[in-house]
Amino acid sequence: MSYNIGYFVGSLASNSINRVVSKALIALAPENLSFTEIQIGNLPLYSADYDADYPEAGTALKKAIEASDGLLFISPEFNRSIPGALKNAIDWGSRPWGTNSFARKPTGLLGASPGAIGTAVMQSSMRSVLSFLDAPQLNSPEVYLQYRPEDFGEDGSISNPDTEKFLAHYIGEYAAFVERVLDSTAAGHI
Ligand code: FNR
């Protein structure tokens, strides 16, 4: 089966290292996965005041999530948590109440930082959020990537064979996870 994966890059920076990692990951993905970026930079700050009349940007975000077979989050850690722009997009996708677009979507989560913790604290926060949103998560393998510029080209090419193997393993496991979750859902098991 082929699967369309919507992916979020949790950084708005033009030189984002997490965007580089997203490119690397896509290049390493099995052929049955295709990828569409779900943009987060055009959204106003969410308020419940919008619920009665959702703006186009919020509706487009929800449609993009719902059109995806699975979701991937590739994000930095900001102040030991989820970057505001990404959390804002998640809040938009989760509302209006009763229309949570993330429910039952198989999700993968990874992040890169120049620091040694490699976004572990952000990922811990994200896992709580994804649990609350009823989104199944790939629990293992985990990717806490300490980003070394010499390992990556801007186009997502990887010069470090260990990093390449590590990310290829992750995205292969993610593809298998998406298939498992969607098969179980179709069979009525979850
Ligand atoms: C950071 N950075 C950072 N790094 C980290 O490992 N843990 C953290 O809590 C933070 N906090 C933080 C807050 C803010 C506001 C900024 C701008 C940065 C450093 C961060 O990992 C680094 O800037 C990365 O390059 C950000 O990822 P992108 O935007 O390049 O993908």
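The written sequence of each chain sets the order in which its residues are numbered from 1. Only residues with pLDDT of 70 or above have their local features reported here, since the model is predicted, and side-chain atom pairs are shown and tallied only from 80 upward, although totals for entire chains, interfaces and linings are computed over all residues.

Per an unreviewed UniProt entry, the recorded name for the protein chain is FMN reductase, and the organism is Glutamicibacter nicotianae.

Draft legend 1. Spatial organisation of the overall build of the protein chain. Along the backbone of the protein chain there are five helices and five strands. Once the C-alpha set of the protein chain is aligned to its principal axes, its extents read approximately 50 × 40 × 25 Å. Pairs at least 24 residues apart make up 81% of the contacts formed inside the protein chain by residues separated by at least 6 positions. Helix and strand labels come from DSSP, where a helix needs a run of H or I of at least four residues and a strand needs a run of E of at least two; each type is numbered from the N terminus. Once C-beta atoms have been placed from the backbone, residue pairs whose C-beta atoms lie within 7 Å are recorded as contacts.

Draft legend 2. How the structure looks around the UniProt feature "domain: NADPH-dependent FMN reductase-like" (unreviewed entry) in the protein chain. Here the UniProt feature "domain: NADPH-dependent FMN reductase-like" (unreviewed entry) sits at residues 4-146. For residues 4-146, helix accounts for 33% and strand for 19%, while the C-alpha atoms at its two ends are 28 Å apart. UniProt positions are given in the numbering used here, feature names are shortened, and annotations may be inferred rather than shown by experiment.

Draft legend 3. View of the pairing of strand β5 (residues 143-146). Residues are called buried when their C-beta atom has 20 or more other C-beta atoms within 10 Å, exposed when it has 12 or fewer, and partly exposed otherwise; all C-beta atoms are positioned from the backbone. Along β5, the buried face is formed by Val143 and Leu145; none of Tyr144 and Gln146, which line the opposite face, is buried. Between any two strands, at least two bridges found by DSSP are needed for them to pair. Two strands pair when backbone bridges link them, and strand β4 (residues 107-113) and β5 are joined in this way by four bridges, in the parallel orientation. Residue pairing for β5: Leu110 is matched across the bridge by Val143. Classification remark: right-handed applies to a crossover when, strands pointing away from the viewer, the course from the first strand over the helix to the second runs clockwise. Crossover β4 to β5 through helix α4 (residues 120-132) is right-handed.

Draft legend 4. Broad picture of helix α3 (residues 84-94). Restricting attention to buried positions, one finds in α3 the residues Leu86, Ala89, Ile90, Trp92, Gly93 and Ser94. For α3, the secondary structure elements touched by its buried residues are β1 (3-9), α2 (56-66) and α4.

Draft legend 5. Summary view of helix α5 (residues 161-186). Every helix has an expected span of 1.5 Å times one less than the residues it contains. Helix length check: α5, at 26 residues, gives a terminal C-alpha distance of 37 Å against a target of 38 Å (1.5 Å per residue), a fit within 8%. If you check which residues of α5 are buried, you get Leu167, Tyr170, Ile171, Tyr174, Ala175, Val178 and Val181. Elements that come into contact with the buried residues of α5 comprise β1, α1 (17-28), β2 (33-37), β3 (70-74), β4 and β5. Immediately beyond the C-terminal end of α5, within one or two residues, lies Gly188, with a positive phi of roughly 80°.

Draft legend 6. Focus on the confidence of the model for the protein chain. The pLDDT score gives, residue by residue, the confidence of the prediction method on a 0 to 100 scale. Considering every residue of the protein chain, the mean pLDDT works out to 97; 100% of them sit at 70 or more. The spread of mean pLDDT over the elements of the protein chain runs between α5, the lowest at 97, and α3, the highest at 99.

Draft legend 7. Seen up close, unusual backbone geometry. Between Arg95 and Pro96 the backbone carries a cis peptide bond, its omega angle lying at -10°. Among the secondary structure elements, Pro96 is positioned in the loop between α3 and β4. Between Ser140 and the following residue, Pro141, the backbone shows a cis peptide bond with an omega angle of 5°. Among the secondary structure elements, Pro141 is positioned in the loop between α4 and β5. Even without being a glycine, Asn79 presents a positive backbone phi close to 50°.

Draft legend 8. Representation of the packing of α2 against α3 within the structure. Angles here are taken between N-to-C directions and fall from 0 to 180 degrees, while the axes themselves are lines fitted to C-alpha atoms, restricted in helices to the stretch in contact. Direction vectors running N to C along α2 and α3 enclose 80°, while the axes themselves pass 9 Å from each other. Classified by the angle between their axes, α2 and α3 sit roughly perpendicular to one another. Residues Gly58, Leu61, Lys62 and Ile65 of α2 pack against Ala89, Trp92 and Gly93 of α3. Three categories are distinguished: nonpolar for Ala, Val, Leu, Ile, Met, Phe, Trp, Tyr, Cys and Pro, charged for Asp, Glu, Lys and Arg, and polar for the others, with Gly belonging to the last. Classifying every residue of the contact of α2 with α3 by side-chain character gives four nonpolar, two polar and one charged. Roughly parallel refers to an angle under 35 degrees, roughly antiparallel to one over 145, roughly perpendicular to one between 65 and 115, and oblique to any angle outside these ranges.

Draft legend 9. Region of the structure containing the sheet that holds β3. In spatial order, the strands read β2-β1-β3-β4-β5; together these five strands make up an open sheet with parallel pairing. At either end of the open sheet lies a strand with only one pairing partner, and these are β2 and β5. With direction set aside, neighbouring strand axes in the sheet form an average angle of 25°. Pairing between β3 and β4: four bridges, direction parallel. In the strand pairing of β4, Ile74 is matched with Leu110.

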